[in-house]
Amino acid sequence: MKHSLAAVFVVGFSLCDFTNSTPRPSEFHLEGDYLLGGLFDIHYVTSPLNPKRPEAIDCSSQIFLLPNYRRFQLMRFTVEEINNSTTLLPNVTLGYEIFDHCSDTLSLPGILELISVNGFIQPWPEPSKNRSKVMALVGPFTSTQSVTIAPFFMMDHIPMISYGSSASIFSDKLKYPSFLRTVHPNKDTIDAIVMILQHFNWRWVAFLNSDKDYGIDALEIFTQRIKNTDICMAFTRNLDNSNDYKEILKQIEAQKINVIVVFAPKLYAEAVIKTAVHLNVTNKVWVADDGWALNKVLPNMEGIKNIGTVIGVAQPLITIPGFEEFIKITKSQAPKVDPEQQTLCNQVCNCRNLTTEDILATDPSFSFPVYSAVHAVARALHNVLECEAGRCSDQISVQPYMETYVNVTEDPYQCVGCKKTEWSEAGSTSCKLRLVEYLPFTDIGVILVMVAALILLGLILAISVLFAINFNTPVVRSAGGPMCFLILGCLTLCSLSVFFYFATCSFIILPLLCCLCFIFSYMGKDLPKNYNEAKAITFCLLLLIITWIVFITGYLLYQGLEDASASAHTTGGPEETSNPVPITRSLEEASDSALSMEGPVEKTAPVHVSEGQVDASASVHVPELSEEGVQVDPPVTYWN
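Residues numbered from 1 in each chain as written. Predicted model: local features only at pLDDT ≥ 70, side-chain atom pairs only at ≥ 80, totals over all residues. Heavy atoms only, no water.

Another point: the state of the cysteines. Under the criterion given, the structure shown has 3 disulfides. Disulfide pairing places Cys-387 opposite Cys-392 at an S-S distance of 1.8 Å. The sign of the S-S torsion, about 105°, decides the handedness of the disulfide formed by Cys-387 and Cys-392: right-handed. Grouping residues by exposure puts Cys-387 and Cys-392 together as buried. One disulfide in the model links Cys-418 with Cys-431; its S-S distance is 2.2 Å. Its S-S torsion of approximately -85° makes the covalent link between Cys-418 and Cys-431 left-handed. (Disulfide = S-S within 2.5 Å. Buried < 20%, exposed > 50% of the residue type's maximum accessible area, 1.4 Å probe, protein only.)

A large share of strand E5 (residues 94–100) lies buried, amounting to 7 of its 7 residues. Here E5 shows no split at all, with Leu-94, Tyr-96, Ile-98 and Asp-100 on one side and Gly-95, Glu-97 and Phe-99 on the other all buried. Note: strand E1 (residues 29–30) against E5, 2 bridges, orientation antiparallel. The residue bridging Leu-30 from the neighbouring strand is Tyr-96, located in E5. Sheet analysis places strand E2 (residues 34–40) next to E5, joined by 7 bridges and oriented parallel. Opposite Gly-37, over in E5, you have Glu-97 as the bridge partner. (Helix = DSSP H or I, 4+ residues; strand = E, 2+ residues; numbered from the N terminus. Pairing = 2+ DSSP bridges.)

Moving on: the nonpolar core. Residues Met-75, Leu-89 and Leu-94 are the most contacted members of the largest nonpolar core, which totals 52 residues. Of all the secondary structure elements, the ones that give two or more residues to this core are E2, helix H2 (66–83), E5, strand E6 (134–138), helix H9 (323–332), helix H11 (367–384) and helix H12 (401–404). Residue contributions to this core peak at 10 residues, all from H11. Not counting residues within four places of it along the chain, the set of residues in contact with Leu-89 comprises Ile-82, Leu-94, Ala-378, Leu-381, His-382, Leu-385, Cys-387 and Cys-392. With 30 residues, the next largest nonpolar core counts Leu-208, Phe-235, Ile-260 and Leu-298 among its residues. (Core = buried A, V, L, I, M, F, W, Y, C linked by side-chain atoms within 4.5 Å. Contact = heavy atoms within 4.5 Å.)

See below:
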């Protein structure tokens, strides 16, 4: 492990001298007490590169992505906002080291810089020595980027908080124990898309997806999701830079498909739509994922109105107070630095000619997830440092894993037992309450029992009618006359009680039915001996009542034990349970209070986010699914 990491390190850093350059002011770097890493693909590699020797890619020579540059600036703004706060990390400053991560496989020098100390990478066996100053990583954006670099950070449990990686694989906490995200997983987006298709009864659809983890995962989820529906996926194709989009659209036209789901990044989606405009593809319904639903380029394209209707599934757009002013100040004070004088390689963004209006007018998607990610780290540090009364403790040696495992008084790998009223899954980091499960009415065994009970009720009803018609005959009178109806009533109640044992059991109705049955059967105990089964029925019901008394007593005792244990602290060791879990409090739980925004962060700019609007300028939203005036006061939810 040591040798392999060292080899990778040497290859990366032999190509870019980080130590011989004289530090100069840079938008990519800020000193602070605690360092955050940031990865933003400000540039994008459009074609595969095949260098003859290992070398770091020159990101500045690739396509510039303005929306991603906006997110990069948003991280800088958020750090500055937190540093100016008197309530969040009051006497602590955050710094950052941000890299332009333009390639999934060739942007490794920046990654190695983040996890190294003085040119060395310390493997896990000696966690207390030569640890990187990076407390957490914000990013990267795409799922493929996260899959590539996650192992470098997972080995030291350095928190990775992605603002855009939505592939399902990251929900596996065994592989990605310190990976978090501030966006919903693909499953939620696919569920929304399927709801739209079902709402409008669109059954014959095409599904176009990117050929990377993000799109492939979405295709798999979509295929599973529509299995039990009337939706038919008539055409599907993986999109990449080598696709012939004209041929794809011609095949869709040939199959008379009018609904096209495009689950792909901005560049691929723009290429598809531009080709559709060029080919004069009309009267289609285009369903956009959140990667391009709020695209600002396509609505202004000539001929765009002829392609049909675009329905976008996107997150609500949140206005972040103070960001516009930050951009204006940043652009007005931007130093005129020669690209060759940049401190770190891969840090030339070719963005000096951008205006404030350019940055603010671009696609704002994933802005709030970036803002939330930085605030989540800050809140976790706030908890770790036990900040209170305007000051944080300077006696705590913070390690990155502490932000994921916020209980700093215990070893994060020590296990304790769940309470007697709780249980945990294998490998879980939390306890769950034990729930009482009832047999559903749809269970085959339940159906058979209910059918038998209904047959018995039918027989009782038939006998009752027969007895009523022949009430004055000697046979009915010798059987007890009016008293025999008590026995039939008792059997009826017994049969009805069967239906109360399934689904949510009623603890009031069942004992009541038992008592009535007991009374009726007891009243019929003096019937003629040859026809009297009341004594046997009475004895059976007496046993049933005793059983209920024992059950209710035990149930009440269990509830009392649960209430008592809930108010007590758990101090047991792992030997107390077969399902031990780490004493952990996840970073997302630690950050919930931060993102609820119940009060403003003081100093230069208030952080109270009270209300936002859904921007429908780039997409047509389904009225039943869209929501105006989205309230943002509750905490941001992290999906895993």
